[in-house]
Every structure is written in C-alpha cells, then in structure tokens.
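The primary structure of each chain is shown beneath.
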Amino acid sequence: MNISKSKQLFQAAQQVIPGGVNSPARAFGGVGGQPIFIERAEGPYLYDVDGNRYIDYVLSWGPLILGHAAPRVVKAVQEAAARGTSYGAPTAIETEMAELVCDMVPSAEQARFVNSGTEATMSVLRLARAYTGRNKIIKMRGNYHGHADFLLVQAGSGVATLGLPDSPGVPQGATQDTLVAPYNDLTALKNLFTQYPNEIAAIILEPVAGNMGVVPPQDGYLQGIRDLCTNNNTLLIFDEVMTGFRVALGGAQEYYGIMPDLTALGKVIGGGLPVGAYAGRRDIMQIVAPAGPMYQAGTLSGNPLAMTAGLATLQGIREVGAFDNMVRGASKLAEGIRQAAEAVNIPIYQTQVGTMSCLYFSEQPVINWETASQSNTEQFAQFFHALLAEGVYIAPSQFEAAFFSTVHSDAVVEQTIKAVQRAFETIAT
Ligand SMILES: *Cc1c(COP(=O)(O)O)cnc(C)c1O
C-alpha cells in the first residue's frame, strides 16, 4: 500500500500541530505506524490522499450514521449555508430539533444544544450540582466523558492508549469531588453512598461503555444504579454521546428501559457537524439560564448549519426499517468475523449492542476496564494493519468501538468479511 503523500503531509503537520493531529486518538499511537490523510469520503468509503479506498467503520468516531456525504445531509447543509452560517439569534430549526430530540429520547422533556460532547457533559454536571446543591459526582473507571478537567480521571481509550494515567495540567482541586467506581459493580457504588451520605450530586456513566471497546451493562446494573440514585436523591445522568441514536433510536435508555434524569448527547446528533446537547426532566432543565440561575452559553450553540445536519440525520435513521436493517447488517458482520477467527483458531471476544460493536483479542469475557485491558494489543495492532492493507479502516486502538451506518450494505459487509478473513490468515501465520 502506497501512503507516500500521507507520509509527507504527516511530516508537515507535525511541524505546526502538536503530534500532527487535532485529537490524539487519530495519531495511530495504539497501533504504531502513522495516520492516513483523507481527501474525501462518500457512503461507506474513505479515500486517502494517495488514492487508496477504505471501507470505513470509524465514521468520524460515531457521528456518520447515514454514511459519508449523505445526499440529504449535504443538500440541506448547502441550502442552509446559502442563507447564512450563524446569526446568534434564535431560529425555528432549533425548536424543531429540540422537539425531535424530546420525541426520540424517552427521558428528554427539554434540551439545550451545545457544540461538542465535552461541552454537554461539563454543562450537565454543572446542572446536576446546581439542582442538588451537592458537589461530589461518581464516574466509572474506563468511561470517557470528554476532556473537562474534573472528568479526566480513569477515562478509557484515548488516555489509556497513550498510557497517560491522568493528564498533567489538571489541578488536584479539580478532581477532588470526582469519585470513581469500576464498571458493572453495584457494590462499589453502594459503598460510596455509605461513605459520602447526602454528598453525591450525580452518577454519570455510559449506559453501554464505548470507550473501552464496547462493554454492555450486566443484567440489573442500570436498574440497580437507578434505584440507588432515587433512594439517595442523587441524579442519574446517562452519557449517551456515543450510544444516543445508535444502540436504538432512543438510545440506551430506550434499549434497556431505564430512565435517567438527565442525558448528554453528541456525535450522531450533529450528523458530522459539531453538536452536543443535554436534555432531561423539565423541572431540572428549568434551572438553566435564562429560565433559571445556572449559567451556560455558547456563541455558536444551536448553529443553523449544525442543526440542519443533525435534523436531516435523525430524520434519515427514523425512516421505516432503516435502523433494524443497520442492526441486522452489524450482526451479520459480527457473525462473519466470528467464523473467520474460528477458522484460524484466533481467540476473540465480541460484543455488540445495536450499531456499536467490538472485537477483543481476548479469551475471557470483557465486563469492565480490568478485563478489557487484558486484551492482546499487539495482536490487535497486527490485525489493524493487515486489515488496513486489505482496504478496511477500523479505529486504531483495541479500546474503541466499530460503528455501522445505513449505507454499509450486505455487499459491503461481505467485502469486509473477506478482508477480515485475509487479515486473520496473515496474522495467524
Ligand atoms: C466522544 C464522547 C464524548 C466527548 O465528545 P466530544 O464531542 O469529543 O467532545 C463524551 N462522552 C462520550 C461517551 C463519548 O463517546
């Protein structure tokens, strides 16, 4: 595979951008080698600057659930751009988008739009603290909630892949109210409530963990957390930045039938443009300024281009059959991978919830960060490069999810399975 232009571009980028990338996971740190520079993308395909084509299962790390350059999204955004890209004043499409989000996400009665998932989790935790008058929060080991100081503790893939336990520059004071519990462990949570009675404002978690691969909640885990929160007057926040509109149309809360008090959204909600949102119970959301005293603002929040892309995307996945077809395709791919691994006797452990899935190079079930981190990352790196050479692009880390879209057709899935077979054969010999 010729990547000479990517090599040149990466050299130049490193001169003027730290590490040559604007988000660390893009740099291939977890697998070695160097990133591929992209020229354009269409449907399920990425095209790099050297003219190589890849079937893409990264999809901009989740957002592009209708595939790249989805015609309905491109057209809507082009038309919106011609009417002006930002006004800093309210527009009808913001209300339309909020109505759609409240319609789709079961626990959402009101929504506030921001510009990223990071902003959504930051803001929703300020809201939880404002509402409860408490300071402490609980997060789970290996869950990622964006890069805000107080959430950058045991934060999963990006940080783990780089081998940074915590980031320098985060003052101790910023994390002193952040308590951490292992994922899928109710006893640890109960102990924290015993230790800090009436002090915990909120539990925030990924209802399906997607930043240590894909780790589903065990039976009773989410219900147990819901009960603990209710009994302790603590708010339950689902970070559905990744799972929202992805594990089901209404996110993990619909899939598992558990209602959080508040939800953070991102990724799919912007259809490839920068959008985040937080949503939830009306009585809590009414604390947000200017309805209430909790300040949160944004020059480009509710941006008309971003709202337009998000709206077109959510409308697209809502079309009859679209979502079920995607899940069926993702399951077919997972089964093909299982058979391919079995044929060459490579032990793997697979997880899939809706359109998110993961292939761990591990013999044992993965239920939390400890078990995820025992995967064979060297074997993953070999597999990653073999697969890339076969024209299939997956995230360059063992601890990331693979994403599926409405344009990953049966033919694309079959092509992928053949590539996976060849990649497994390469690394097995
Ligand atoms: C990606 C992600 C975030 C951060 O979103 P950004 O848009 O990258 O700031 C937060 N939470 C979860 C669960 C995520 O997957």
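Residues numbered from 1 in each chain as written. Predicted model: local features only at pLDDT ≥ 70, side-chain atom pairs only at ≥ 80, totals over all residues. Heavy atoms only, no water.

1. Side note on the sheet that holds strand 9 (residues 262-265)
What the seven strands build is an open sheet, ordered 4-10-9-8-7-5-6; its pairing is mixed. With one partner strand each, in any of the chains shown, strand 4 (110-114) and strand 6 (178-181) form the two edges of the open sheet. Averaged over all pairs of adjacent strands, the angle between their axes in this sheet comes to 20 degrees, without regard to strand direction. Direction of pairing for strand 8 (residues 235-239) relative to strand 9: parallel, over a ladder of three bridges. Paired with Asp239 across the bridge in strand 9 is Ala264. Packing of helix 7 (residues 186-195) onto the sheet brings it into contact with strand 5 (136-140), strand 6 and strand 7 (200-205), and relative to strand 6 it is tilted by some 150 degrees. (Pairing = 2+ DSSP bridges. Helix = DSSP H or I, 4+ residues; strand = E, 2+ residues; numbered from the N terminus. Axes fitted to C-alpha atoms, helices over the stretch in contact; angles between N-to-C directions. Contact = heavy atoms within 4.5 Å.)

2. Overview of the domain arrangement of the protein
Parsing the protein into structural domains produces domain 1 (4-69 + 320-428) and domain 2 (72-317). Facing the 36 residues of domain 1 at the interface are 39 residues of domain 2. Summed over the three residues of domain 1 that lose the most area to domain 2, namely Val353, Met356 and Trp369, the buried surface amounts to 23% of that side. Inspection of the domain 1/domain 2 interface yields one salt bridge. In this structure, Arg141 and Glu370 form a salt bridge, with 3.4 Å as the shortest nitrogen-oxygen distance. (Domains from an automatic or database assignment. Buried area = accessible area lost by both parts, 1.4 Å probe. Salt bridge = Lys/Arg side-chain N within 4 Å of Asp/Glu carboxyl O.)

3. A short note on the packing of aromatic side chains
As enumerated under the stated definition, the model contains 14 aromatic pairs in all. Taking the centre distance of 6.1 Å and the plane angle of 55 degrees together, the rings of Tyr54 and Tyr393 count as tilted. Here the residue Tyr54 occupies a position in strand 3 (residues 53-56), and Tyr393 occupies one in strand 13 (residues 392-393), the gap between them amounting to 339 residues. Here the two residues Tyr54 and Tyr393 agree in accessibility, since each one is buried. Lying over the aromatic face of Tyr47, Arg40 brings its terminal NZ or CZ to 4.0 Å of the ring centre. Over the face of the ring belonging to Tyr45 we find Arg53, whose NZ or CZ atom lies 3.8 Å from the ring centre. (Phe/Tyr/Trp six-rings, centres within 6.5 Å; stacked < 30°, edge-to-face > 60°. Buried < 20%, exposed > 50% of the residue type's maximum accessible area, 1.4 Å probe, protein only. Lys NZ or Arg CZ within 6 Å of the ring centre and 35° of its normal.)

4. With respect to the nonpolar core
Among the nonpolar cores identified, the biggest contains 73 residues, and Phe113, Phe245, Ile269, Leu314, Phe361, Phe383 and Phe424 are the most heavily contacted of them. Residues contacting Phe113, with those up to four places away along its chain left out, are Glu94, Met97, Ala98, Val101, Ile269, Val275, Gly276, Ala277, Ser301, Gly302 and Met307. If you look at the next biggest cluster of nonpolar residues, it comprises 40 residues, including Val215, Leu222, Cys229 and Ala372. (Core = buried A, V, L, I, M, F, W, Y, C linked by side-chain atoms within 4.5 Å.)

5. Considering helix 14 (residues 377-389)
For the α-helix, the turn length of 3.6 residues means that residues three or four positions removed from each other point alike. Under the 1.5 Å per step criterion, the end-to-end length of helix 14 is 18 Å for 13 residues, consistent within 8% with the ideal 18 Å. Within helix 14, burial applies to Gln379, Phe380, Ala381, Phe383, Phe384, Ala386, Leu387 and Leu388. Looking at the packing, one finds that the buried side of helix 14 touches strand 3, strand 12 (356-360), strand 13 and helix 15 (410-428). After helix 14 finishes, the residue Gly391 shows a positive phi value of roughly 85 degrees. (Expected span 1.5 Å × (residues − 1).)

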